[in-house]
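Listed here are the chains, written in short residue letters.
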Amino acid sequence: MDKKNMMMTSMLTLDRGETEDEMEKGREEMEVEEEKTQQEEGRLMLADDLAEKLPKCLTSGSGQQVSNGFATSTPQNSREGPSSEASSGGTASGPEGGTRSLVPLAGLRTLVVQQTSLERPRETWSKKLDFLLSVIGYAVDLGNVWRFPYICYQNGGGAFLLPYLLMAVFGGVPLFYMELALGQFHHSGCISIWKHVCPIFKGIGFAICIIALYIAFYYNTIMAWALYYLLSSFQSTLPWSTCSNSWNTANCNRYVFTDRNVSWSNSSTSPAEEFYTRQVLQIHLSPGLHQLGFISWQLALCLLFIFTIVYFSIWKGVKTSGKVVWVTATFPYLVLLVLLIRGATLPGAWRGVVFYLKPDWEKLLSTTVWIDAAAQIFFSLGPGFGVLLAFASYNPFHNNCYKDALVTSSVNCLTSFLSGFVIFTVLGYMAEMRQQDVDAVAKDAGPSLLFIIYAEAISNMPAATFFSIIFFLMIIMLGLDSTFAGLEGVITAMLDEYPHVLVKRREKFVFSLVCVCYLGALSTLTYGGAFVVKLFEEYATGPAVITVVLLEVIVMLGFYPGCFWRVCWVAICPCFLLFIIISFLAFPPEVRLFDYHYPPWTTVLGYCIGVSSFICVPAYMVYHLISAKGTFQQRLLKSITPEPSSDQQRDIVVTNAV
């Protein structure tokens, strides 16, 4: 650290009987003492009573009071000539903006050094709203648009809201609040925070970073698909609205509301489905995961553009990303409102709304409904990914994170509910146009719901080009917010853990991280890339993240906010998470994509990917115990004892005291 930062505000007291020559000599001596101080290598820790004793013997008759209690006056530089106020006390600027005060004391000449912090000041949010929009942008992602509506109607419609709200109140929100509080309290990312909680569990932080990388490998590919759609939308006729394109097959049939002569069979496909599968994904050129095929250069360029936006949005830290989210976090709400109004005016929209909200109370007797509710609220709010810890660590210490947790989590849940209306008004319109039931139209979940069903509905609307552009632009912005947050969680964690190496090289580190994410995503850009995306989505994040959060809840119980939160953290949240984990292990999902059923060996591969991140936890435990000194009992005791925060240390340097 620059030695100039170790120079403290000093005060030089002179005898009132000194002449101007003596004062000049005193200033010269003071400058010599400054030069000696700059050459000192160590720093002395003084007891607090030093600061208490000095004010008792150093008094001033006039001047302004500063933080150390001593008086100051006008001179601003030690090299200025004597002033008329020198005899009664004065100040001179010291290194790095410090001050030296001239205070009269009988026959004494003392250099007193004031305490200061040697820690690098931590970056903070420019505005409180930057933080709130960043958290909302992270929590509100693509899953709110495509997963919640599908899960809701599949599990009893309006009846599903009961388990969803219960899981939110007793599981999701307490976990959300816990991470915000811990990040703000310790001002640390997901790795270094563990030295203040339980050092032996630092492997959890490394596991979170690996999980974030896995997410970056596949999540941004979905935005690349959306960008491909966006670029294809700048045409008078949308390419997925007709069957006359080079990629279409003989089975392609287009539903037109005014054309009742269209014959639809089980082998028929819509132009929107063929555009998605045969033109964008080109999945027909890959037989499965065992043979992915070549990389699609169109998608590779789209993904490169996405990562370029990501890099220039986060390379400078939360100061830049906090400004970008003013657009990326608010624009989707404007588009959702426009699409809701448009969807409500379509014929058959009411059929979709009724299907979405009509309660089926009998389904609440099924454990599957409660499992889906717990999983949905957990992945929607997003604790365990290190993002909330990172964002909250840039808040002021006394920020009201309790209020922030309630506001942002409520906005997230309401957005999911609103997205259901946006989706199902259009699905009702599709059912009306096809003369089918809504459940026959809403059979697809995940990206297919957006890129096939909703895209087809848009192509049949008036002003289809306009609605297509704003819809896919909304998808891109929803994804960008989550990518900013996920990578910022990794960046903050690594910079806090290795500050001397990375803090001054943040831009280079962010560039390297983005390059790693792009290279890791190349497998998802192949002809069989959609199979890889599905595999990562099912296995790479879910079980590992839930297990990580379970450990967080068990270990992070060092302070006592309120009875409700303590009960949730100690009892309800662990049960909530165990319930999801056991359900996942007892009823593993049947993974398939379109007509492709994943073979048994892919299940083994999926579990290996999931374990590869979580293995960091026991691996670091072993490393920590081996590298520590002392007997095994001493090493174990040290490994579970929190280390003191450097912010609580007082660093005082004394260069001269006479």
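Nothing here was measured: the structure is a model prediction, and the numbers come from that model.

Section: the UniProt feature "binding site: Na(+)" (unreviewed entry) in the chain
When the UniProt feature table is mapped to this numbering, "binding site: Na(+)" (unreviewed entry) covers Gly137, Ala139, Val140, Asn144, Ser380, Asn412, Leu478, Asp481 and Ser482. Spanning 346 residues, the named residues form one tight spatial group whose C-alpha atoms are at most 13.5 Å apart. Assignment of secondary structure puts Gly137 in helix α3 (residues 128-139). When its relative accessible area of 3% is taken as the criterion, Gly137 is described as buried. The contacts of Gly137, once residues within four sequence positions are left out, are Ala329, Leu478, Asp481 and Ser482.

Some words on the pattern of salt bridges
By the definition in use, this model includes seven salt bridges. The partner of Lys128 in a salt bridge is Asp404, and the shortest N-O contact between them spans 3.2 Å. You can see Lys128 sitting in helix α3 and its partner Asp404 sitting in helix α14 (residues 401-434), a full 276 residues away along the chain. Measuring nitrogen to oxygen at the nearest pair gives 3.0 Å for the salt bridge that ties Lys202 to Glu497. Remark: Glu497 occurs in helix α17 (residues 464-497) and Lys202 occurs in the loop between α5 (161-186) and α6 (203-232); sequence separation between them is 295 residues. You'll find Lys202 and Glu497 in the same group, each marked buried.

Overview of the confidence of the model for the chain
Looking at the chain, the pLDDT average stands at 77 and 76% of residues meet or exceed 70. The low-confidence segment residues 1-20, where pLDDT is below 50, has 70 contacts with residues more than four positions distant or belonging to other chains. Segment residues 647-658 is flagged for pLDDT under 50; beyond a separation of four residues in sequence, or across chains, it makes 35 contacts in the model.

Topic: the state of the cysteines
One pass over the structure, following the stated rule, counts one disulfide. Disulfide pairing is shown between Cys243 and Cys252; the S-S distance is 1.9 Å. Across the S-S bond linking Cys243 and Cys252, the dihedral sits near -70°, which makes this disulfide left-handed. For Cys243, a relative accessible area of 29% gives the class partly exposed.

Each value, and the rule that gives it
- Residues numbered from 1 in each chain as written.
- Predicted model: local features only at pLDDT ≥ 70, side-chain atom pairs only at ≥ 80, totals over all residues.
- Heavy atoms only, no water.
- UniProt positions renumbered as here; feature names shortened; annotations may be inferred.
- Helix = DSSP H or I, 4+ residues; strand = E, 2+ residues; numbered from the N terminus.
- Buried < 20%, exposed > 50% of the residue type's maximum accessible area, 1.4 Å probe, protein only.
- Contact = heavy atoms within 4.5 Å.
- Salt bridge = Lys/Arg side-chain N within 4 Å of Asp/Glu carboxyl O.
- pLDDT = per-residue confidence, 0-100.
- Disulfide = S-S within 2.5 Å.

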